[in-house]
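# Understanding the architecture of this molecule
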Amino acid sequence: MRRRRLSPLVGRHAELAEISAAWDDACQGHAAGFLISGEAGVGKTRLVQECIERVLARDGQVLAGSSFRISSGGLPYGPFLDALRRLLRDRAAGSLAELAGPRFTMFDQMFWPEATEAPELPDGDASLRQARLFDVFLALLGQLAEQAPVLLVIEDVHWAEQSTLDLLSFLTVALRRERVLLVVTYRDDEPAAGPLPAALVELLRGVFMTHLPLAPFGAGDLGVLLSQLAGNPLPTAVVDEIADRSGGNAYFAEELFEARGIGDEVPARVRDVVLLRVGTFSADAQAALQICAVIGRRIGYPLLATVAELPEKPLLAALRELAANRVLQADTGNAYRFRHALAQEAVYSDLLPGERARLHARVAAALAERPQLGDRPRSTATAVVAHHWEATGDLPKALAAVIAAGRAAAEVRAFREGLTYFTRALDLWDEVDDAADAGMTRPDLLAAAARCAHDAGEHETAVRLVEDALTATPRHDVVARALLYEALGTYMDRIDGARALRAFTKAYHLLATSDALAERARVTAALANSLSIRGLYPDSAPLWEETLSLARRAGRKREEVLGLKTSGWHFAMHGEPETGVGRMREALRVARDEDDVEGICLTYNHLSLALDFIGWSADAVATAEEALRWSVDLGLMFPPMIDMLDSIVLVLYRNGRWRQAEEVADRLLASHHAAARALMTFVVLGELGTARGRPEEAAQQVKQAQEQLKNDEDPLDHGLVHAAAAAFAMWQEDYETARAEVEAGLEVVGAHGDDQQAVALCVLGLRIEADEAERRRARGRAGASDEVLRHGTALRDRARSLWERMGTRQKSFPEAAIDAAMGEAEFARLLGGEPHPEAWGEVAAGWDRLARPYPAAYARWREAEELVRKRDQRAAEVLRAAGEAAERLEARALLREITALADRARLDLGAPPDEPAAEPEHPFHLTEREIQVLALLKEGRRNREIARTLFISESTASVHVSNILAKLNAANRVEAAAIAHRLHLA
């Protein structure tokens, strides 16, 4: 970025010092940010300019852009694209791919010159497409910041549209250790409207964001400013008069000073003072200034020269005059800029309606004929043309331009702006005689608006619009109607699942005999997916086969990947694991060949889970680690990748890789998008909290998982959550709640034929009843009451029946066989009677074969109990093995039970002589992260400060603090810090 010659900064030294300190932090890898507010003219831009100059002087990088007012719709990502365009110009690069690498080609799609046709975006979840856009921008910032620290400036967000505000909110959460300082400015003297108020709340929720309000100048600072402007000290009376009339507003004060001597009466409003000064300029300067005001805050000279009715020499003379009078100033890239937005607003507001329409028409015609004159990315260039045509009142041209702006907004994932433009086009439609000439039919326009509404999260609006599109589409246009029904099902899925399924079914039947193979593949995949996510696997399986056949005949790679991946899952889960795994690996190959990131994520997700479920544990872990390496290399985080990592956390946990599972969970939950999608991760963290004796953490994580069930129809998810909640309640000896959770889980999974998960829930229920029976016996009462015996018998019979009727599916779920055996052992424990340690030994060996160390350790604990009852000397050896496994896993709740049994039975659990007991990595079993948090506790840091320092959420910091207090047996933070000091723990 080119440096400007600036007058010395007046006042604002405290604010500048605070920003400078934050820049120092950013340079050390701690992202920081400021939200600077103040009335128009108070000096926000001047402070930002000073920051830019200082950053450039220290060899930092600057990306700067600003929003500006537009009549409708807004400029999608306008200030960010403005900043990127300046970056390319400063680096003399033709594209971001050229500047930073091929993964940034996505942004190059937004720039001129482009192919005349807009690039086709792949089908898929809109949240993926926008999230991927955000993550690519984050990756670009990170890559630039590796070269030199970055100052990212986004000015005037009071005029920003929703997409810009969404990206800003994302950055305030997603930036962590990038060497980036974010500075955002907005006016606070106008009524807050539109998306701004909610966005300001979100921005200030960012861990590193600080609000920096700018107050007007006092008389002392204003006197310094005016003296600099005059070139010599001014009389106190003059300064006091201007200070009084301007209210300390820097820009108003400057205009009042410049206006002295023009007339006897100087107006009291800044707009009128500006116009008073403009009235003294030459006719050419006034004419040039009027067209500049219509063009906007920034004026490219090629566009101005094209539309101004002045020869080159008079035009340049006029620009020189305007610059000398400090109305315009030179900008980068052969352009000029109003020194202050208030000046542009004043001149524009003084134009007569006819003058405005005429000037807007000249600008619109020039930009429509030669878009490159606007020196803007395609998405914002079309919005600017629409703005100018609408201001002319030429409705046919306005309609076509607004439709083009809507399309361009949707192409760059600015879905809310796309909806605004398409809605505006629908309003104009009936006012235009030949609306069909605008480039889109009315049904297509309604469908486009519906898609944007859905992608923007306005699902009910999307449903209404697509229903209107169906009404407007002729019945003989079967393909169009089928695709609209498929869209209706997609939008209705968030509102009414039954209606969604009916819509998908209607779409499928409309095309049942059609030769439109690509469209048939699409609607068949949609119906199959809708059935699958509702647990209707037998109904969806043949449809996935049909999808695969249609996709291959039509050359639709996306549907081919979906067909291979999901039909492979069905084979793997229904007794043909080799066939299923083979199909999923083929899906992965096709997705990789197509560079289909979404398809790769989806396939890794299903493949790692399937390998784990069918008992190929080593392959499951290897596939999970392969996916992790691939995802790190990609460097992005968006919904399908979150789903993939979510499944990997579960796979690692089930295979005893607890530390690794926690590391992936930490990475996952640091994402801006994860909170609403990471159900399995919350389940695993809840299970870990329970196993490690951290009840507060377990309760919080289980609650998070339960929250996500509200909009989830997948029976697998319901089974996992209810099982985790039941296990937590059981370890807390809240058997009533534990029973209720088991019953709730069985009600869902049993209704959908998930036999293997139902078996596991029955066994968990049997354990609860056996615990209750043992508790009664310990109190000298009959072990199994009638109710306990009735519940236990029903669960044992159900588990046995479920296992037997699985038939060929038994091959897909070897752990169900072990669960069934464990159910029999738990039922025997419930009944009491003669000890049968061999039953528990066989269960433990079975879990060993599947590399499930935690349930294996539990089974060995029970085996040791039975051996103690038999007075068998092998009890110590078995219990020692259970204890070692629990120690490795840090499963402290189970370890306490193992130790208690050893104490009661007087068994020595010391390590054998040739195997000295391993010391824990940190005292009190503190994790590495807990040691870091404890070090900050010693410094007296609060949770918010801990979160900010370690780049974690405040709620995560709270959980770590609670765990530390529990492990140290400390009553409060002060006591924990004292213990840490005394024992040198951190």
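Bear in mind the structure is a predicted one, so any value in this text is a computation, not a measurement.

### Details of the overall build of the chain
A tally of helices and strands in the chain yields 47 helices and eight strands. Counting only C-alpha atoms and orienting by the principal axes, one finds that the chain spans roughly 110 × 80 × 45 Å. Per-residue burial for the chain yields a buried fraction of 58% across its 986 residues. Restricting to contacts in the chain with at least 6 residues of sequence separation, those with at least 24 account for 69%. As displayed, the chain has an accessible area near 40,900 Å², and 50% of this comes from carbon and sulfur atoms.

### Brief notes about the sheet that holds strand E7 (residues 328-331)
Strand pairs in the sheet, formed through backbone hydrogen bonds, run parallel or antiparallel to each other. Overall, antiparallel pairing links the three strands, which are arranged E6-E8-E7 in an open sheet. Edge positions in the open sheet fall to strand E6 (298-300) and E7, since each of these has one partner strand only. Recorded for the sheet is a direction-independent mean angle of 30° between the axes of neighbouring strands. Sheet topology places E7 next to strand E8 (residues 335-338); four bridges connect them, and they run antiparallel. Across the sheet, residue Gln 329 finds its bridge partner in E8, namely Arg 337.

### Details of the pattern of salt bridges
Per the stated rule, a full pass over the model turns up 60 salt bridges. Where Arg 298 meets Asp 331, a salt bridge forms, and the shortest distance between an N and an O atom there is 2.9 Å. With Arg 298 in strand E6 and Asp 331 in strand E7, the pair connects residues that are 33 residues apart, well separated along the chain. Of the two residues, Arg 298 and Asp 331, neither departs from the other in class, the shared state being buried. Between Arg 805 and Asp 755 there is a salt bridge, with the nearest N and O atoms lying 3.6 Å from each other. One end of the pair, Arg 805, is in helix H38 (residues 786-805); the other, Asp 755, is in helix H37 (residues 755-778), with 50 residues separating them in the sequence. Note on Asp 755: relative accessible area 10%, which makes it buried. When salt bridges that share partners are traced, they join Asp 82, Arg 85, Arg 86, Arg 298, Asp 331 and Arg 337 into one network.

### Points about the sheet that holds strand E2 (residues 61-66)
The strand order across the open sheet built from five strands is E2-E3-E4-E1-E5, with neighbouring strands paired in parallel fashion. The sheet is open, and its two edges are formed by E2 and strand E5 (209-213), each paired on a single side. Geometrically, the sheet is characterised by an average inter-axis angle of 15° between neighbouring strands, direction not taken into account. In the sheet, strand E1 (residues 32-38) pairs with E5 via five bridges, with the strands oriented parallel. Opposite Ser 37, over in E5, you have Pro 213 as the bridge partner.

### Topic: the nonpolar core
In terms of nonpolar packing, the biggest core is built from 123 residues, with Leu 304, Phe 338 and Leu 399 touching the most fellow members. The element contributing the most residues to this core is helix H13 (residues 283-295), with eight residues. Once you skip the residues sitting within four places of it in the chain, Phe 338 turns out to touch Leu 289, Cys 292, Ala 293, Gly 296, Arg 297, Ile 299, Val 327, Leu 328, Ala 343 and Gln 344. Ala 627, Val 664, Leu 766 and Trp 803 belong to the second largest nonpolar core, which has 115 residues in total.

### Some details on the packing of aromatic side chains
This structure, assessed with the given rule, holds nine aromatic pairs. On the basis of an interplanar angle of 80° and a centroid distance of 5.2 Å, the ring pair of Phe 80 and Phe 137 is categorised as edge-to-face. On the criterion of sequence distance, the pair formed by Phe 80 in helix H3 (residues 78-91) and Phe 137 in helix H6 (residues 126-147) is long-range, its members being 57 residues apart. For Phe 137, a relative accessible area of 1% translates into the label buried. Three or more aromatic residues joined by ring pairs form one cluster here, namely Tyr 77, Phe 134 and Phe 170. In this structure, Arg 796 is placed above the aromatic ring of Phe 827, and the distance from its NZ or CZ to the ring centre is 4.2 Å. Taking the ring centre of Trp 861 as reference, the NZ or CZ of Arg 862 above it sits at 3.9 Å.

### Re the confidence of the model for the chain
Per-residue confidence for the chain gives a mean pLDDT of 86, with 91% of residues at or over 70. Of the regions scoring below 50 in pLDDT, residues 912-920 engages in five contacts with residues more than four places distant in sequence or in other chains.

### So, the packing of helix H39 (residues 814-831) against helix H40 (residues 837-849)
With their axes 9 Å apart at the nearest point, H39 and H40 run at an angle of 155° to one another. Regarding the angle of H39 to H40, the classification is roughly antiparallel. Our pair here, H39 against H40, has a crossing hand that is left-handed. Contacts from Glu 815, Ile 818, Asp 819, Ala 821, Met 822, Ala 825, Glu 826 and Arg 829 in H39 reach Ala 839, Trp 840, Val 843, Gly 846 and Trp 847 in H40. When the residues that make up the contact of H39 with H40 are grouped by side-chain class, the tally is eight nonpolar, one polar and four charged.

### Some thoughts on the pairing of strand E3 (residues 150-155)
Side chains on a regular strand alternate between the two faces of the sheet. Burial within E3 is extensive, with six of its six residues counted as buried. A two-sided burial pattern is seen for E3, the buried positions comprising Val 150, Leu 152 and Ile 154 on one face and Leu 151, Val 153 and Glu 155 on the other. Both E2 and E3 contribute to a ladder of six bridges, which runs parallel. Each residue of the ladder has a partner; that of Ala 64, found in E3, is Val 153. For E3 and strand E4 (residues 180-187), the ladder comprises five bridges, and the chain directions are parallel. In the strand pairing of E4, Val 153 is matched with Val 183.

### Describing the side chain of Gln 61
Among the structural elements, Gln 61 can be located in strand E2. Of the polar contacts made by the side chain of Gln 61, one reaches the backbone oxygen of Leu 144; its length is 2.7 Å. In terms of polar contacts, Gln 61 uses its side chain to reach the backbone carbonyl oxygen of Ala 148, at 2.8 Å. With residues near it in sequence (within four places) discarded, Gln 61 still touches Val 55, Arg 91, Leu 144, Ala 145, Gln 147, Ala 148, Pro 149, Val 150 and Leu 151.

### Topic: helix H44 (residues 928-938)
Turning to H44, its buried residues are Glu 930, Ile 931, Val 933, Leu 934, Leu 936 and Leu 937. Immediately beyond the C-terminal end of H44, within one or two residues, lies Gly 940, with a positive phi of roughly 85°.

### Remarks on unusual backbone geometry
With glycine set apart, most residues show a phi of negative sign, and most peptide bonds adopt trans. Although it is not a glycine, Asp 59 adopts a positive phi angle of roughly 65°. With respect to the helices, strands and loops of the structure, Asp 59 is situated in the loop between helix H2 (44-57) and E2. Given the relative accessible area of 64%, Asp 59 is considered exposed. Backbone geometry at Ala 851 places phi at a positive 55°, although glycine is not the residue there. Note on Ala 851: relative accessible area 33%, which makes it partly exposed.

### As for helix H33 (residues 679-691)
The terminal C-alpha atoms of H33, which comprises 13 residues, lie 18 Å apart, in line with the 18 Å expected from a rise of 1.5 Å per residue. The element H33 is largely enclosed, with a buried count of 13 among its 13 residues. Once H33 ends, the next one or two residues include Gly 693, with phi positive near 70°.

Basis of the calculations
- Residues numbered from 1 in each chain as written.
- Predicted model: local features only at pLDDT ≥ 70, side-chain atom pairs only at ≥ 80, totals over all residues.
- Heavy atoms only, no water.
- Helix = DSSP H or I, 4+ residues; strand = E, 2+ residues; numbered from the N terminus.
- Buried < 20%, exposed > 50% of the residue type's maximum accessible area, 1.4 Å probe, protein only.
- Contact = heavy atoms within 4.5 Å.
- Areas by Shrake-Rupley, 256 points an atom, 1.4 Å probe, with all protein chains shown as cover.
- Pairing = 2+ DSSP bridges.
- Axes fitted to C-alpha atoms, helices over the stretch in contact; angles between N-to-C directions.
- Salt bridge = Lys/Arg side-chain N within 4 Å of Asp/Glu carboxyl O.
- Core = buried A, V, L, I, M, F, W, Y, C linked by side-chain atoms within 4.5 Å.
- Phe/Tyr/Trp six-rings, centres within 6.5 Å; stacked < 30°, edge-to-face > 60°.
- Lys NZ or Arg CZ within 6 Å of the ring centre and 35° of its normal.
- pLDDT = per-residue confidence, 0-100.
- Parallel < 35°, antiparallel > 145°, perpendicular 65-115°, else oblique.
- Left-handed = near helix turned anticlockwise from the far one by under 90°.
- Nonpolar A, V, L, I, M, F, W, Y, C, P; charged D, E, K, R; others polar.
- Polar contact = N/O pair within 3.5 Å; in protein donor to acceptor, adjacent residues only side chain to side chain.
- Expected span 1.5 Å × (residues − 1).

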